[in-house]
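# Summary of the model geometry
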Amino acid sequence: DQQVKQNSPSLSVQEGRISILNCDYTNSMFDYFLWYKKYPAEGPTFLISISSIKDKNEDGRFTVFLNKSAKHLSLHIVPSQPGDSAVYFCAASAYRAGANSKLTFGKGITLSVRP
Amino acid sequence: KAGVTQTPRYLIKTRGQQVTLSCSPISGHRSVSWYQQTPGQGLQFLFEYFSETQRNKGNFPGRFSGRQFSNSRSEMNVSTLELGDSALYLCASSHLIGASTDTQYFGPGTRLTVL
């Protein structure tokens, strides 16, 4: 049973445009969400996170939106740059359930930004 | 500040052997988690250690074990290797356990190939 789903395996956008990466979850115990970026042969790099008490968190070109009622979050990258081309993982944890250190990951989405 | 380091970076073993992987967390971080990444399953949580004690465990067989030392360094061991154990093994460290907004930082991983 996949509790964190990234249904689109890949996304291609033009440089300068907006990239929107989506993520859905099924476990209502999840209350902390993170996005990681991963290049080949490297470990995932933390990008941005959001707690369930918020519906938006912004950090430079990256914004994460959380819709708890729909159990959906999205990562917006504006403007997209060729260096953003990587695999993006959505992850979730359940702090109040005592499992905040256990991250449940989606399968990732490959973003390609065309020059 | 140095990041999470993992050794070795690459390893080739044969079925039935055992293997030990090592992880050194970021200085000051006391929590270490291990994940397995495979193409079909994505990143899956193995276990988490804090203050030399296993605090959380994922759904993996008993062939997978780990430990943490007093300096927070961690090792994971896989006994009686199977072909399906071929994967990228990632270690992540964080400062605290029980902090809802604590972020895990990943090492580059150890690529294990079982022949």
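About the thresholds
Positions within a chain are numbered from 1, following the residues in the order the chain's sequence is written. By the order in which they are written, chains take letters starting at A while ligands take numbers starting at 1. Local features in a predicted model are, by the rule used here, given only for residues with pLDDT of at least 70; side-chain atom pairs are given and counted only at 80 or more, and totals for whole chains, interfaces and linings are based on all residues. In computing side-chain properties, one takes all heavy atoms of the structure into account and sets aside hydrogens as well as water. Only DSSP runs of H or I with at least four residues qualify as helices, and only runs of E with at least two residues qualify as strands; both kinds are numbered from the N terminus onward. Three exposure classes are used, based on accessible area relative to the maximum for each residue type with a 1.4 Å probe and protein chains only: buried under 20%, partly exposed in between, and exposed over 50%. We call two residues in contact when some of their heavy atoms are within 4.5 Å. Methods summary: accessible areas were calculated by the Shrake-Rupley approach with a probe of 1.4 Å, and residue burial reflects only the protein chains presented. Residues scored as charged are limited to Lys and Arg (positive) and Asp and Glu (negative), so that His and the chain ends carry no count. Note on charges: their place is set at NZ of Lys, CZ of Arg, CG of Asp or CD of Glu. Counted as a polar contact is a pair of N or O atoms within 3.5 Å, where, for protein atoms, one must be capable of donating a hydrogen and the other of accepting one, and residues adjacent in sequence contribute only when both atoms are in side chains. Any two rings among Phe, Tyr and Trp, with Trp reduced to its six-membered ring, count as a pair given centres within 6.5 Å; such a pair is stacked if its planes are under 30 degrees apart, edge-to-face if over 60, and tilted if neither. Any two strands between which DSSP finds at least two bridges are classified as paired.

### Brief notes about the overall build of chain B
The secondary structure content of chain B amounts to zero helices and 11 strands. For chain B, the N- to C-terminal ordering of α and β elements is β-β-β-β-β-β-β-β-β-β-β. Viewed in the frame of its principal axes, chain B has a C-alpha envelope of about 40 × 25 × 25 Å. Burial statistics for chain B: of 115 residues in total, 50% are counted as buried. When contacts within chain B are restricted to residue pairs at least 6 apart in sequence, those whose partners lie at least 24 apart make up 54%. For chain B, the exposed surface amounts to about 5,300 Å²; the carbon and sulfur share of it is 48%. The average position of the 11 basic charges and that of the 6 acidic charges among the side chains of chain B differ by 4 Å.

### Concerning the side chain of S80 of chain A
Residue and element names in this part refer to chain A. Looking at where S80 falls in the secondary structure, it is placed in the loop between β8 (72-77) and β9 (86-94). Look at S80 and you get buried, because its relative accessible area is 1%. In terms of polar contacts, S80 uses its side chain to reach the side chain of S19, at 2.6 Å. Polar contacts involving the side chain of S80 include one to the main-chain carbonyl oxygen of I77, which spans 3.4 Å. Those residues within four positions of S80 in sequence are excluded, and the remaining contacts are V13, Q14, E15, G16, R17, I18, S19, R61 and V113.

### Looking at the packing of aromatic side chains
Residues and elements named next belong to chain A. Across all of its chains, the model carries 13 aromatic pairs over all chains by this definition. Here Y36 and F105 contribute two aromatic rings whose centre-to-centre distance is 5.8 Å and whose plane-to-plane angle is 50°, an arrangement assigned as tilted. Of this pair, Y36 sits in strand β4 (residues 32-38) while F105 sits in strand β10 (residues 99-105), placing them 69 residues apart in sequence. Like Y36, the residue F105 is buried in the burial classification. Geometrically, the ring pair formed by F89 and F105 is edge-to-face, given 6.2 Å between the ring centres and 85° between the ring planes.

### Focus: the sheet that holds strand β7 (residues 62-67) of chain A
Remark on secondary structure: sheet strands pair via backbone hydrogen bonds, oriented parallel or antiparallel. The five strands lie next to each other as β1-β3-β8-β7-β6 (chain A), forming an open sheet whose pairing is antiparallel. Of all the strands in the sheet, just β1 (4-5) and β6 (56-59) of chain A have a single pairing partner and so form its edges.

### Re unusual backbone geometry
For the bond running from V78 of chain A to P79 of chain A, omega is -10°, close enough to zero to count as cis. Here P79 of chain A shows up in the loop between β8 and β9. P8 of chain B follows T7 of chain B through a cis peptide bond whose omega is -10°. Residue placement: P8 of chain B occurs in the loop between β1 (5-7) and β2 (10-13). Its identity as a non-glycine residue notwithstanding, S72 of chain B has a phi of 75°, on the positive side. According to the relative accessible area criterion, S72 of chain B is buried, its value standing at 12%.

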